[in-house]
Amino acid sequence: MSKEAQYGLILRQLTALLEGEEDGIAKMANVAAVLHGSFGFWWTGFYRVAGEELILGPFQGPVACMHIPFGKGVCGTAWKRNASVVVPDVEQFPGHIACSSASRSEIVVPVHGPDGGVTAVLDIDSDRLAIFDETDRIWLEKVVTLL
Ligand code: SME
């Protein structure tokens, strides 16, 4: 199955799963579980905006750092830019925060609240180089609108 087709199925599955649910944490937890289980990523989860930092939210995978300052790392950069960041090789990203030495590539997608501000970021890490591309960015940006 192509990556597009797989994301299409996931989007339909998540739309049904999250329908009627109002708790943001519960929704993030199931989004992380579905994405992680479907693609076999190394780490899949959320960091929530709390004041001037991001705090670890629901995730699947190994333990991760719990606080990330505004503008720091890939997650803090995506928050600051209010835009998705695709990193083919984490060693080439200045300021990348290495929660795990196994992480090789990464994508971070901002989650928006009703007023358009960033309320969280979706962070996905792979243990393989250059796993994420425009297809992932486009579909993951659709996925986070369900939150
Ligand atoms: N690598 C991220 C930190 C979070 S972990 O990958 C789960 C970053 O640079 O923001």
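Going by the structure above, here's the rest.
Description of the structure in this document. Bear in mind that the values here come from a model prediction, so they are computed numbers and not experimental data. (Residues numbered from 1 in each chain as written. Predicted model: local features only at pLDDT ≥ 70, side-chain atom pairs only at ≥ 80, totals over all residues. Heavy atoms only, no water.)

In a beta sheet, neighbouring strands pair by backbone hydrogen bonds and run either parallel or antiparallel. Judged by pairing direction, the sheet is antiparallel, and its 6 strands sit side by side in the order β3-β2-β1-β6-β5-β4 without closing on themselves. Each end of this open sheet is capped by a strand with a single partner; those strands are β3 (67-69) and β4 (85-87). Taking the axes of each pair of neighbouring strands and ignoring which way they run, one obtains an average angle of 25° across the sheet. In this sheet, strand β6 (residues 118-126) lies alongside strand β1 (residues 43-50) in antiparallel orientation, the contact comprising 6 bridges. Each residue of the ladder has a partner; that of Y47, found in β6, is V121. The sheet contacts of helix α3 (residues 73-81) involve β1, β2 (53-60), β3, β4, β5 (105-112) and β6, and relative to β5 the element is tilted by about 40°. (Pairing = 2+ DSSP bridges. Helix = DSSP H or I, 4+ residues; strand = E, 2+ residues; numbered from the N terminus. Axes fitted to C-alpha atoms, helices over the stretch in contact; angles between N-to-C directions. Contact = heavy atoms within 4.5 Å.)

A word on the environment of K72. Turning to its location among the elements, K72 is positioned in the loop between β3 and α3. Remark: the alpha-carbon pair of K72 and G95, spanning 23 residues in sequence, is separated by 6.6 Å.

Attention shifts here to the packing of aromatic side chains. For the coordinates displayed, the defined rule picks out 7 aromatic pairs. Ring centres 4.7 Å apart and planes at 40° place the aromatic pair Y7 and F39 in the tilted group. On the criterion of sequence distance, the pair formed by Y7 in helix α1 (residues 3-18) and F39 in helix α2 (residues 24-39) is long-range, its members being 32 residues apart. A centroid spacing of 5.5 Å and a plane angle of 45° characterise the contact between F41 and F132, whose relative ring orientation is tilted. Within this pair, whereas F41 is found in the loop between α2 and β1, its partner F132 is found in the loop between β6 and α4 (134-144), the two being separated by 91 residues in sequence. Given the relative accessible area of 5%, F132 is considered buried. An aromatic cluster of three or more residues is present, and its members are Y7, F39, F41, F132 and W139. (Phe/Tyr/Trp six-rings, centres within 6.5 Å; stacked < 30°, edge-to-face > 60°. Buried < 20%, exposed > 50% of the residue type's maximum accessible area, 1.4 Å probe, protein only.)

Close contact between α1 and α2 brings their axes to 11 Å; oriented N to C, the two are set at 150°. Classified by the interaxial angle, the pair formed by α1 and α2 is roughly antiparallel. Crossing of α1 against α2: the hand is right-handed. Across the interface between the two elements, K3, Q6, Y7, I10, Q13, L14, L17 and L18 from α1 touch K27, N30, V31, V34, L35, S38 and F39 from α2. In terms of residue class, the contact of α1 with α2 is built from 9 nonpolar, 4 polar and 2 charged. (Parallel < 35°, antiparallel > 145°, perpendicular 65-115°, else oblique. Left-handed = near helix turned anticlockwise from the far one by under 90°. Nonpolar A, V, L, I, M, F, W, Y, C, P; charged D, E, K, R; others polar.)

As far as function goes, none of this settles anything; it's purely spatial.
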